[in-house]
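The primary structure of each chain is shown beneath.
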Amino acid sequence: MKNVFLKSMFVGLVFMFFACGETSTVESGTYQGTVDEVEPEKTEIYVKTDDNKTLELYFTDETVLSRGGNEVEFSELQKGQKVEVEVEKVGKRLDPISVKIME
């Protein structure tokens, strides 16, 4: 009985890991991709890069968001938009320095 319980717990944990999705930690640099999710209440976006990684980005007071060379509000971001992001790796976290909406 204990063995069945432990197997069930293991399967549940594996399911939770894959169901929650996995974000990628990349080095500081510039990446292009598509906005996969926007969470306005947290000023957070998820960007799926061209090489199929998911970047979890929390905007800071210093993050510059632009479109067509002009600075814009966070509300301009929408799922499906092409973006170019410049990020700085701080420990395991990625801080977005700039996010450019490409379309």
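Remember, it's a predicted structure, so these values are computed and weren't measured experimentally.

Caption draft 1: The arrangement of the packing of aromatic side chains in detail. Taken as a whole and assessed by the stated rule, the structure comprises one aromatic pair. Geometrically, the ring pair formed by phenylalanine 59 and phenylalanine 74 is edge-to-face, given 5.0 Å between the ring centres and 90° between the ring planes. In this pair, phenylalanine 59 sits in the loop between strand E3 (54-58) and strand E4 (64-67) while phenylalanine 74 sits in the loop between strand E5 (70-71) and strand E6 (82-90), placing the two residues 15 residues apart along the sequence.

Caption draft 2: The arrangement of unusual backbone geometry in detail. Of note in this structure, threonine 43 is not a glycine but carries a positive phi near 40°. Considering the arrangement of structural elements, one finds threonine 43 in the loop between strand E1 (29-39) and strand E2 (44-49). Exposure remark for threonine 43: the relative accessible area of 32% places this residue in the partly exposed category. The phi dihedral of asparagine 52 is positive, around 70°, even though this residue is not glycine.

Caption draft 3: Here's a closer look at the pattern of salt bridges. The tally for this structure, following the rule as stated, stands at five salt bridges. Here glutamate 84 and lysine 100 are joined by a salt bridge, their closest N and O atoms 3.7 Å apart. Taken together, the residues span a long stretch of sequence, with glutamate 84 in strand E6 and lysine 100 in strand E7 (residues 93-101) at a distance of 16 residues. Residue glutamate 84 is classed as buried on the basis of its relative accessible area, which comes to 18%. Between arginine 93 and aspartate 95 there is a salt bridge, with its nearest N and O atoms 2.7 Å apart.

Caption draft 4: A look at the sheet that holds E7. Here we have seven strands laid out as an open sheet, ordered E3-E2-E1-E6-E7-E4-E5, and mixed in their pairing. Here the strands that pair on one side only, and so sit at the sheet edges, are E3 and E5. Relative to E7, E6 is paired through eight bridges, and the arrangement is antiparallel. By the bridge assignment, lysine 89 is partnered in E7 with leucine 94.

Caption draft 5: View of the nonpolar core. Grouped together as the largest cluster of nonpolar side chains are 16 residues, with contacts concentrated most on Ile45, Leu57, Leu77, Val83 and Val85. For this core, the elements supplying multiple residues, two or more each, are E2, E3, E6 and E7. Every residue in contact with isoleucine 45, bar those within four places of it in the chain, is listed here: Glu37, Val38, Leu55, Glu56, Leu57, Phe59, Phe74, Leu77 and Val99.

Caption draft 6: Focus on the side chain of glutamate 44. Along the chain, glutamate 44 turns up in strand E2. One buried charged residue, glutamate 44, forms no salt bridge at all, with the nearest opposite charge on lysine 42 at 4.2 Å. Ignoring any residue separated from it by four or fewer positions in sequence, one finds glutamate 44 in contact with Glu37, Val38, Glu39, Glu56, Leu57, Tyr58 and Phe74.

Caption draft 7: Quick peek at the environment of valine 87. Among the secondary structure elements, valine 87 is positioned in strand E6. In sequence terms valine 87 and leucine 55 are 32 residues apart; their C-alpha atoms lie 9.7 Å from each other. The contacts of valine 87, once residues within four sequence positions are left out, are Val26, Glu27, Ser28, Gly29, Tyr31, Leu57, Leu94, Asp95, Pro96 and Ile97.

How each quantity is defined
- Residues numbered from 1 in each chain as written.
- Predicted model: local features only at pLDDT ≥ 70, side-chain atom pairs only at ≥ 80, totals over all residues.
- Heavy atoms only, no water.
- Phe/Tyr/Trp six-rings, centres within 6.5 Å; stacked < 30°, edge-to-face > 60°.
- Helix = DSSP H or I, 4+ residues; strand = E, 2+ residues; numbered from the N terminus.
- Buried < 20%, exposed > 50% of the residue type's maximum accessible area, 1.4 Å probe, protein only.
- Salt bridge = Lys/Arg side-chain N within 4 Å of Asp/Glu carboxyl O.
- Pairing = 2+ DSSP bridges.
- Core = buried A, V, L, I, M, F, W, Y, C linked by side-chain atoms within 4.5 Å.
- Contact = heavy atoms within 4.5 Å.
- Lys, Arg positive; Asp, Glu negative; His and termini not counted.

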